[in-house]
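Observations on the model geometry
This is what each chain is made of:
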Amino acid sequence: MRIEKIDFDLLFISCTKVHLAKRLHALLVVSGKVKDLFISTRLVNLYSYLGDVSFSHRTFNQIPKKDIYTWNSMISAYVRTGRFHEALDCFHQFSFTSGLQPNFYTFPPVLKACGNLVDGKKIHCQVLKLGFQWDIYVAASLIHMYSRFGFVAVARKLFNEMPVRDIGSWNAMISGLCQNGNATEALDVLNEMRLEGENMDPLTVASLLTVCALSNDMLSGMLIHLYVIKQGLEFDLLVSNALINMYAKFGCLANARRVFNQMDVTDLVSWNSIIAAYEQNDDPKAALGFFNKMQQIGIQPDLLTLLSLASIVAQLADCQKSRSVHGFILRRGWVMENVAIGNAVVDMYAKLGAINSARNVFEELPTKDVISWNTLITGYAQNGLASEAIEVYNTMEECEEIIPNQGTWVSVLPAYSHLGALQQGMKIHGRVIKNNLHMDVFVGTCLIDMYGKCGRLDDAMSLFYQVPRENSVPWNAIISCLGLHGHGEKALKLFEEMLDKAVKPDHVTFVSLLSACSHSGLVDVGKHYFHVMQERYRIKPSYKHYGCMVDLLGRAGHLETAYDFIKSMPIEPDASIWGALLGACRIHGNVKLGKFASDRLFEVDSENIGYYVLLSNIYANSGKWEGVDKVRSLARDRGLRKTPGWSSIEINNRVDVFYTGNQTHQKYQEICIELKVMTAKMKSLGYVPDFTFVLQDVEEDEKEEILTSHSERLAIAFGIISTPPRTPIRIFKNLRVCGDCHTATKYISKITEREIIVRDSNRFHHFKDGTCSCGDYW
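Residues numbered from 1 in each chain as written. Predicted model: local features only at pLDDT ≥ 70, side-chain atom pairs only at ≥ 80, totals over all residues. Heavy atoms only, no water.

1. Focus on the overall build of the chain
Worth spelling out the cut-off: A run of H or I in DSSP counts as a helix once it spans at least four residues, and a run of E counts as a strand once it spans at least two, with each numbered from the N terminus. A simple rule labels every residue: compare its accessible area, found with a 1.4 Å probe on the protein chains alone, to the largest value its type can have, and call it buried under 20%, exposed over 50%, or partly exposed in between. Contacts were defined at the residue level, with two residues in contact if any of their heavy atoms lie within 4.5 Å. The positive count covers Lys and Arg only, the negative count covers Asp and Glu only, and His and the chain ends enter neither. Charge coordinates come from a single atom per side chain, which is NZ of Lys, CZ of Arg, CG of Asp or CD of Glu.
The number of helices and strands found in the chain is 43 helices and six strands. C-alpha extents for the chain along the principal axes are approximately 115 × 55 × 55 Å. Counting every position in the chain, which comprises 778 residues, the buried fraction comes to 49%. Expressed as a percentage of contacts within the chain between residues at least 6 apart in sequence, the contacts between residues at least 24 apart total 61%. Side-chain charges in the chain split into 80 positive and 82 negative, and the spacing between the mean points of these groups amounts to 2 Å.

Next comes the structure, spelled out in structure tokens:
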């Protein structure tokens, strides 16, 4: 075929792959057409649209005499492929070496390429110098640029001064306000736009739906949806995707699904949106179903898909699928490219309890940001490894390039709460105040929880009245703390105050409230609120609510009623339910029902050593040593080991941990002397050791020695010899305080004239003047 008869326009349109573009390029060179400036510039654009900016650059360099269109094309090629630094270099080369002046087509891509405000302001100066500030495309780009860097007031001033606005200008301003969380002002701009007779287009709608989701304004969102239907925009892909995301934010999954099902065309964004909708609203099975359908129709997942999938697998507690997800990500090399996906894998393993795998992935991340560190700290804290969480935080502090943020404090404060490390937690409080985050509701709530769980209930209450209380989060924390300290009546009063303030309780509120009732023996009140939760607030009880009710009834001695309650449950009892009943049987010495509960427990969770210990203790308390031996033998055969009892005390910023019977502490001899003196004084006041709390079949003198060597007594004695007279002592114990130690501590508080605060696995005990705040009900 003769060169003259070749339709080069058709060839350009037909080039959908880079290798086809290279063939066309070769043909243009052979034919001499490449010397045509328009053709060469078209090649620059073609390569960039196909994603190969390096060939765009080569072609551009081979053009001997470039015009403005050619320079603009090369700058746009860099921006289109995300090479913003090269785009700015190309612009500066154009401005200072070409002898040409930029035009209004030059500035929109250049402004998009600006990586910081300084660059943006320099470009703005050139715009002003050349008189392009009121070109609608340039002005919209300036609005976008200032909004991107958080200078929304400057963007608004530019917008207000525009002599003429098109839909792109309005969209730029609305989008900028959305990006900066100014939902109310964005809706005000929408009203201005409609007063000027400008109709919303799909981009406007998508931006506003995002605003409605951010501002929790469901009514406006639904009104915009109605507008969308009236204007015939409901089938627009961008609008449909935004509707799915908005309804997901409001938890309206049926509406989100209805929008998705009505879409004529779906893309990867649509599938990611519907998968994330179900994943973020705690329906991982449905989310996984959509992922499987997406694969069946041949749509390949991207990074966002895998972010959702990692969370789905964690929610489903599917360890096997977690390895598949991790393997898929590794094969794509995405961990090397994107720190967010690496963080998601760390989070996935941590939530599955595979904390060692989480740590290994964390160590292998090529880049770690503050979220990476926060995720690992949270992982350790949520898996009960508070010391390790604090150790990771301390390591993070050594990295100068990592600046702690709100998420850091929310991650590490629960670890200090768990250990009872009050002084270290107070240091974090100081950091938080310095960073002006103490009024943040989530950080403030963690501080409330930390002070409450470290025995400083007055400080927790004081903080509670300082933080914003518009939602249930801080209320839940303080109600829980009051319950732990045995102040059930105060917890109930605060709950009523919460309702008076029109704060809607959630499922966590009722867990805290029912737990408070349980600790204070408020059986009838607890029953009442269990019904109120369902009838007035339409909250479906979860395992935690049922567990609280079983604990409430069982702890009060209503064991048969608790068992009948379990039988009436609409869901199959899990380990937490049977565990609550078994714990109550241990308190009240009901061997028969305890054996029945333990048999059910071993069917649903045979790997938890705590349940074997509870049953063993029931047998030991009733002197049935054969039963003790049988249960211990069963645990040994399954390779289970009892969690050792320990108590900790913080003195001079150092946390000392004592294990039962442990003799390795540097002040052990002084501790023993103090305990002997204290025991003698106690006996003179009427103390008689209660050997039923010795769970070994040994002689009485050995039993007394075992009781004296319990971890809480070692910690209390250490506190006495290490602190000034009459100062409070705070002890933290990982297991329940034994009855004999409880009695002994009452005597010690009277003898030493100290307040002794003990937090065990169930609650707080405030010992003072020979009495305990729990009223011997625990």
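2. What to know about the pattern of salt bridges
Quick note on the threshold: A pairing counts as a salt bridge when a side-chain nitrogen of Lys or Arg comes within 4 Å of a carboxyl oxygen of Asp or Glu.
What the rule picks out here adds up to 19 salt bridges. The partner of Arg431 in a salt bridge is Glu397, and the shortest N-O contact between them spans 2.4 Å. Here Arg431 is found in helix H27 (residues 422-434), whereas its partner Glu397 is found in helix H25 (residues 386-397), with 34 residues between them in sequence. Of the charged contacts, one joins Asp656 and Arg654 as a salt bridge, the two residues approaching to 3.5 Å between their closest N and O atoms. Looking at Asp656, the relative accessible area reads 6%, which means it is buried. Each member of the salt-bridge network shares a partner with another, and the members are Arg156, Glu185 and Glu192.

3. Observations concerning the sheet that holds strand S3 (residues 729-733)
Put simply, the rule reads: Strands were regarded as paired on the criterion that DSSP finds at least two bridges between them.
With mixed pairing, six strands are arranged side by side in an open sheet as S2-S1-S3-S4-S5-S6. Of all strands in the sheet, those bounded by a partner on one side alone are strand S2 (654-659) and strand S6 (771-772). With four bridges connecting them, S3 and strand S4 (residues 756-759) associate as parallel partners. For Ile729, the partnering residue across the bridge sits in S4 and is Ile756.

4. Let's talk about helix H22 (residues 339-351)
Formally: Multiplying 1.5 Å by the helix residue count minus one yields the expected span of that helix. In protein, a polar contact requires one atom able to donate a hydrogen and another able to accept it; more generally it is a pair of N or O atoms within 3.5 Å, and residues adjacent in sequence count only if both atoms are side-chain atoms.
For H22, built from 13 residues, the straight-helix expectation of 18 Å at 1.5 Å per residue is met to within 8% by its first-to-last C-alpha distance of 18 Å. All of the buried residues in H22 are Ile341, Gly342, Asn343, Ala344, Val345, Val346, Met348, Tyr349 and Ala350. The residue sitting at the N-terminus of H22 and contributing the capping side-chain oxygen is Asn338; that oxygen lies 2.8 Å from the backbone nitrogen of Ala340.

5. Brief notes about the side chain of His326
Residue placement: His326 occurs in helix H20 (residues 319-332). Note on His326: relative accessible area 13%, which makes it buried. For His326, the residues in contact, after removing those within four places along its chain, are Val345, Tyr349 and Val361.

6. Examining the pairing of S4
Under the convention used in this document: Orient the strands so they point away from the viewer; a crossover is then right-handed if the path from the first strand over the helix to the second runs clockwise.
Side chains Ile756 and Val758 project from S4 onto one buried face, and the interleaved Ile757 and Arg759 project onto a second face that is buried too. You can see the chain leave S3, run along helix H43 (residues 739-752) and come back into S4, and the turn it takes is right-handed. Two strands pair when backbone bridges link them, and S4 and strand S5 (residues 764-768) are joined in this way by four bridges, in the antiparallel orientation. By the bridge assignment, Arg759 is partnered in S5 with Phe764. Connecting S4 to the next strand, S5, in antiparallel fashion are four residues.

7. Observations regarding the domain arrangement of the chain
Reports often express the size of an interface as the amount of accessible area lost when the parts come together. The criterion, for reference: All the domain ranges listed were derived from an automatic or database domain assignment.
Taken domain by domain, the chain holds domain 1 (1-133), domain 2 (199-288), domain 3 (487-540) and domain 4 (646-772). Placing a centre on the C-alpha atoms of domain 1 and another on those of domain 3 gives a separation of 66 Å.

8. Observations regarding the nonpolar core
The condition that has to hold: Here, nonpolar core refers to any group of buried Ala, Val, Leu, Ile, Met, Phe, Trp, Tyr and Cys residues whose side-chain atoms link them within 4.5 Å.
Ile274, Met348 and Leu581 are the most contacted members of the largest nonpolar core, which has 207 residues in total. Among residues more than four places away in sequence, those in contact with Leu581 are Val550, Leu559, Ala562, Tyr563, Ile566, Leu593 and Ala597. Within the second largest apolar cluster, 27 residues are counted, among which are Tyr668, Ile671, Phe718 and Ile729.

9. Quick notes on the packing of helix H23 (residues 355-364) against helix H24 (residues 370-382)
When two helices pack together, you describe them by how their axes are tilted relative to each other and by the distance separating the axes. To keep it simple, the criterion reads: The angle between two axes is taken between their N-to-C directions and runs from 0 to 180 degrees, where each axis is a line fitted to C-alpha atoms and a helix contributes only its stretch in contact. Geometric relationships in this document are graded by angle, where less than 35 degrees denotes roughly parallel, more than 145 denotes roughly antiparallel, 65 to 115 denotes roughly perpendicular, and other angles denote oblique. For any pair of crossing helices, the crossing counts as left-handed if the nearer helix is rotated counterclockwise from the farther one by less than a right angle, and right-handed if it is rotated clockwise. The residue classification treats Ala, Val, Leu, Ile, Met, Phe, Trp, Tyr, Cys and Pro as nonpolar and Asp, Glu, Lys and Arg as charged. All others, Gly included, are polar.
Viewed as axis vectors pointing N to C, H23 and H24 meet at an angle of 165°, and their least axial separation amounts to 10 Å. Between H23 and H24, the angle falls in the class roughly antiparallel. You can see that H23 and H24 cross each other, and the crossing is left-handed. On H24, the residues touching Ile355, Ala358, Arg359 and Phe362 of H23 are Ser372, Trp373, Leu376, Gly379 and Tyr380. Tallied by class, residues from the contact of H23 with H24 come to six nonpolar, two polar and one charged.

10. A few points about helix H4 (residues 53-61)
Selection rule: What the arc describes is the spread of directions from the helix axis to the C-beta atoms.
When we look at burial in H4, the residues that qualify are Val53, Phe55, Ser56, Thr59 and Phe60. Buried residues of H4, seen end-on, are gathered within an arc of 155° and therefore sit on one face of the element. Those residues of H4 that are buried are in contact with helix H2 (18-31), helix H3 (37-49) and helix H5 (68-80).

11. Section: the environment of Ser240
Along the polypeptide, Ser240 turns up in helix H15 (residues 237-249). When its relative accessible area of 1% is taken as the criterion, Ser240 is described as buried. The sequence separation of Ser240 and Ser270 amounts to 30 residues, and the corresponding C-alpha distance is 7.9 Å. Leave out the neighbours within four places in its chain, and Ser240 touches Glu234, Phe235, Val259 and Met263.

12. Focus: the packing of helix H17 (residues 268-280) against helix H18 (residues 284-296)
Contact pair H17 / H18: the axes reach a minimum separation of 7 Å and the direction vectors enclose 160°. Judged by the inter-axis angle, H17 sits roughly antiparallel to H18. With respect to the hand of their crossing, H17 and H18 are arranged in left-handed fashion. Across from Leu268, Trp271, Ile274, Ile275, Tyr278 and Glu279 in H17, the residues of H18 making contact are Pro284, Ala286, Ala287, Phe290, Phe291, Lys293 and Met294. In the contact of H17 with H18, the residues fall into 11 nonpolar, no polar and two charged.

13. Focus: the packing of aromatic side chains
Both the distance between ring centres and the angle between the ring planes are used here to describe each pair of aromatic rings. So the rule is basically this: Two rings from Phe, Tyr or Trp (for Trp, the six-membered ring) form a pair when their centres are within 6.5 Å of each other. A pair whose planes differ by under 30 degrees is stacked, one over 60 is edge-to-face, and the rest are tilted. Consider the ring centre and the ring normal. A charge sits over the ring if Lys NZ or Arg CZ is within 6 Å of that centre and within 35 degrees of that normal.
In this structure the tally under the stated criterion is 27 aromatic pairs. Between Phe60 and Trp71, the ring centres sit 5.1 Å apart and the planes meet at 75°, which makes this aromatic pair edge-to-face. Highlighted residues: Phe60 in helix H4 and Trp71 in helix H5, separated in sequence by 11 residues. Here Phe60 and Trp71 have matching classes, each one buried. Among the aromatic residues, those joined into a cluster by ring pairs are Phe91, Phe104, Tyr105, Phe107 and Phe132. Positioned over the ring face of Phe60 is Lys66, at 4.9 Å from the centre of the ring. Just above the ring of Phe290 sits the side chain of Lys293; from NZ or CZ to the centre is 5.2 Å.

14. Things to note about a nonpolar patch on the surface
Counted only if it meets this: Residues enter patches when they are more than 30% accessible in relative terms and free of salt bridges; like-charged ones are connected within 9 Å and nonpolar ones (Val, Leu, Ile, Met, Phe, Trp, Tyr) within 5 Å. Here the accessible surface of atoms and residues is derived via Shrake-Rupley with a 1.4 Å probe, and residues count as covered only by protein chains that are part of the display.
A surface patch of nonpolar side chains, amounting to about 310 Å² of accessible area, comprises Leu219, Leu223 and Leu226. Among the secondary structure elements, Leu219 is positioned in helix H14 (residues 218-230). Given a relative accessible area of 62%, Leu219 falls into the exposed group.

15. Re the pairing of S5
Across the five residues of S5, four count as buried, placing the element largely inside the fold. Where S5 lies against S6, two bridges are found, and the strand directions are antiparallel. In the strand pairing of S6, Phe767 is matched with Cys772.

16. Observations regarding unusual backbone geometry
A positive phi angle, near 65°, is found at Ala502, a position not held by glycine. Residue class for Ala502 comes out exposed when judged on its relative accessible area of 68%. Phi is positive for Arg538, close to 55°, though the residue is something other than glycine. Relative to the helices and strands, Arg538 is located in the loop between helix H33 (523-535) and helix H34 (543-555).

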